[in-house]
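This is what each chain is made of:
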Amino acid sequence: MITTSTLLKKYGTPTENGSPYLVKLDLPYPMVLSWDRSKKVTKITCHKLLEDQLKKIFTEILEVYGLEKIQALGIDLYGGCFSYRKMRGGNDWSRHSWGVAIDLDPERNQLKENSTTARFAKPEYKPMIDIFYKHGFVSLGVEKNYDWMHFEVKE
């Protein structure tokens, strides 16, 4: 797991508007806002150093699952990437403040859920999780057995 000091050295100091380190990434398939499924998401805001990695992740997810299966499994339910804020219940910056973390399907992979209840802990999601790891991200669900929605850069 990446430390805050490493984040500061490699990705800079987080800012409220993400300037100058954020870019808009065109997604290879549409997502929907998890809290308003009537709204499509075709771009996400992420750190510029991770643009290629995230593009590869979502392109490979599309290749492995296909759009119909992505939608059926809720992999397209977007919970957020860039969000300038402190970690819940803490004083440290959230990894989202740099745009180096992404949340997917947060309603069915809630913060306090573990491998017995989180949707992403089921076997059909293993290929997706493996794709994130292959491209330099980790799952808090796998690493810590909570917050299964959350994927963040490893280093």
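Right, let's walk through the structure included here.

Calculation criteria
- Residues numbered from 1 in each chain as written.
- Predicted model: local features only at pLDDT ≥ 70, side-chain atom pairs only at ≥ 80, totals over all residues.
- Heavy atoms only, no water.
- Helix = DSSP H or I, 4+ residues; strand = E, 2+ residues; numbered from the N terminus.
- Contact = heavy atoms within 4.5 Å.
- Pairing = 2+ DSSP bridges.
- Phe/Tyr/Trp six-rings, centres within 6.5 Å; stacked < 30°, edge-to-face > 60°.
- Buried < 20%, exposed > 50% of the residue type's maximum accessible area, 1.4 Å probe, protein only.

### With respect to the environment of Lys 43
Note that Lys 43 resides in strand 2 (residues 36-47). Beyond its immediate chain neighbours, meaning those up to four positions away, Lys 43 contacts Lys 24, Leu 25, Asp 26 and Leu 27.

### Thoughts on the pairing of strand 1 (residues 22-33)
Taken residue by residue, a regular strand's side chains alternate between the two faces of the sheet. Pairing of strand 1 with strand 2 involves eight bridges; the strand directions are antiparallel. From the neighbouring strand, Leu 33 faces strand 2, where its bridge partner is Asp 36. If you look at the hairpin formed by strand 1 and strand 2, you'll find two residues sitting between the two strands. Where strand 1 lies against strand 3 (residues 77-80), two bridges are found, and the strand directions are parallel. Residue pairing in the sheet places Leu 33 in a bridge with Tyr 78 of strand 3.

### A closer look at the packing of aromatic side chains
As enumerated under the stated definition, the model contains seven aromatic pairs in all. Centre to centre, the rings of Phe 58 and Phe 132 are 6.1 Å apart; their planes meet at 90°, and the pair counts as edge-to-face. In this pair, Phe 58 sits in helix 2 (residues 51-73) while Phe 132 sits in helix 3 (residues 126-134), placing the two residues 74 residues apart along the sequence. Assigned by exposure class, Phe 58 and Phe 132 land together as buried. Here the aromatic rings of Phe 120 and Tyr 125 are separated by 5.0 Å at their centres, their planes lie at 50°, and the arrangement is tilted. On the basis of relative accessible area, Phe 120 is assigned to the buried category, the value being 1%. Linked through ring pairs, Tyr 29, Phe 58, Phe 120, Tyr 125, Phe 132, Phe 137 and Phe 151 together constitute an aromatic cluster.

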